[in-house]
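Secondary and tertiary structure notes
The chain contents come next:
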Amino acid sequence: MMSSDGFNKAVAKKQENEGRNVDELVAEIYDLIKDIRDPEKPNTLEELQVVYEEGVTVKDMNQECQIVTIEFTPTVPHCSLATLIGLCLRVKLERCLPYKHKLDIFIKEGTHATEKEINKQINDKERIAAAIENPDLRELVESCLEETDYG
């Protein structure tokens, strides 16, 4: 049996989610990823049109969990850093999304020479964990995620 505290928290969580429509969640997620910096250039992923609001979708899996899908477009079809960009997107969202979610990240179909292989890598939990354990790679991801002052 759920305690009254637990029940109140569950009701509050349900009301919070009901108050946020899908468009608001998409905008919130896009705001989180648009300022990630490109690993090679001094630009953000938004400035380079690697990420775009239309590439973010949110669907309800059940009452307590959403499926968040991010589609991105590498700057060139042979971009050697597409996997790193996918990793940056995943790390940023895993850290910042306050609600339960399933995260899928994909390269836009037809925009990269090895998109299938990269999509498999950036959605494989074991490969992600191994990548984040690498200190050099972790440092590179952190540098892409650093907040910058555009003011």
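Preceding this section is the structure that the text describes.
On a predicted model such as this, the values are computed, not experimentally measured, just so you know.

A look at the sheet that holds strand β1 (residues 56-62)
Taken in spatial order, the three strands line up as β1-β2-β3 in an open sheet, and their pairing is mixed. Taken across any chain shown, the strands that pair with only one partner, and hence form the sheet edges, are β1 and β3 (101-107). Each strand axis lies, on average, 20 degrees off the axis of its neighbour in the sheet, ignoring direction. Along the sheet, helix α3 (residues 82-96) contacts β2 (65-72) and β3; its crossing angle with β3, the most-contacted strand, is approximately 160 degrees.

A word on α3
Each α-helix winds once per 3.6 residues, and so residues spaced three or four apart point in a common direction. Compared with the 21 Å implied by 1.5 Å per residue over 15 residues, the 21 Å span of α3 between its first and last C-alpha is a close match. For α3, the tally of buried residues reaches eleven of 15 residues, placing the bulk of the element in the interior. Of the positions making up α3, those classed as buried are A82, L84, I85, G86, L87, C88, L89, R90, V91, K92 and L93. Looking at the packing, one finds that the buried side of α3 touches α2 (22-33), β2, β3, α4 (115-122), α5 (125-133) and α6 (135-145).

Observations regarding the side chain of D104
Mapped onto the elements of the fold, D104 is located in strand β3. Among the residues examined, D104 registers a relative accessible area of 15% and is labelled buried.

Description of the packing of α3 against α6
Two elements in contact, α3 and α6, have axes separated by 10 Å at closest approach and are oriented at 70 degrees. Our classification of the angle between α3 and α6 gives roughly perpendicular. Between α3 and α6 lies a crossing of right-handed hand. Contact residues: L84, L87, C88, V91, K92 and R95 in α3; L137, L140, V141, E142, C144 and L145 in α6. Grouping the constituent residues of the contact of α3 with α6 by class yields nine nonpolar, no polar and three charged.

A short note on α4
Along α4, the residues classified as buried are E115, I118, N119 and I122. Buried residues of α4 fall within an arc of 100 degrees about the axis and therefore sit on the same side. Along α4, exposed side chains directed more than 90 degrees from the buried face belong to K116 and K120. Against the buried residues of α4 lie β2, α3, β3 and α5.

Quick look at a negative patch on the surface
A cluster of acidic residues, D23, E24, D31, E46, E47, E53 and E54, forms a negative patch at the surface. Along the polypeptide, E53 turns up in the loop between α2 and β1.

Considerations on the pattern of salt bridges
Under the criterion given, the structure shown has six salt bridges. Where R90 meets E94, a salt bridge forms, and the shortest distance between an N and an O atom there is 3.7 Å. With R90 and E94 both in helix α3 and four residues apart, the pair spans about one turn of that helix. R127 is the partner of D124 in a salt bridge, and the nearest nitrogen-oxygen pair spans 4.0 Å.

Here is what the cut-offs are and how they apply
- Residues numbered from 1 in each chain as written.
- Predicted model: local features only at pLDDT ≥ 70, side-chain atom pairs only at ≥ 80, totals over all residues.
- Heavy atoms only, no water.
- Pairing = 2+ DSSP bridges.
- Helix = DSSP H or I, 4+ residues; strand = E, 2+ residues; numbered from the N terminus.
- Axes fitted to C-alpha atoms, helices over the stretch in contact; angles between N-to-C directions.
- Contact = heavy atoms within 4.5 Å.
- Expected span 1.5 Å × (residues − 1).
- Buried < 20%, exposed > 50% of the residue type's maximum accessible area, 1.4 Å probe, protein only.
- Parallel < 35°, antiparallel > 145°, perpendicular 65-115°, else oblique.
- Left-handed = near helix turned anticlockwise from the far one by under 90°.
- Nonpolar A, V, L, I, M, F, W, Y, C, P; charged D, E, K, R; others polar.
- Arc of directions from axis to C-beta.
- Patch = residues over 30% accessible without salt bridge, like charges linked within 9 Å, V, L, I, M, F, W, Y side chains within 5 Å.
- Areas by Shrake-Rupley, 256 points an atom, 1.4 Å probe, with all protein chains shown as cover.
- Salt bridge = Lys/Arg side-chain N within 4 Å of Asp/Glu carboxyl O.
- Lys, Arg positive; Asp, Glu negative; His and termini not counted.
- Charge placed at Lys NZ, Arg CZ, Asp CG, Glu CD.

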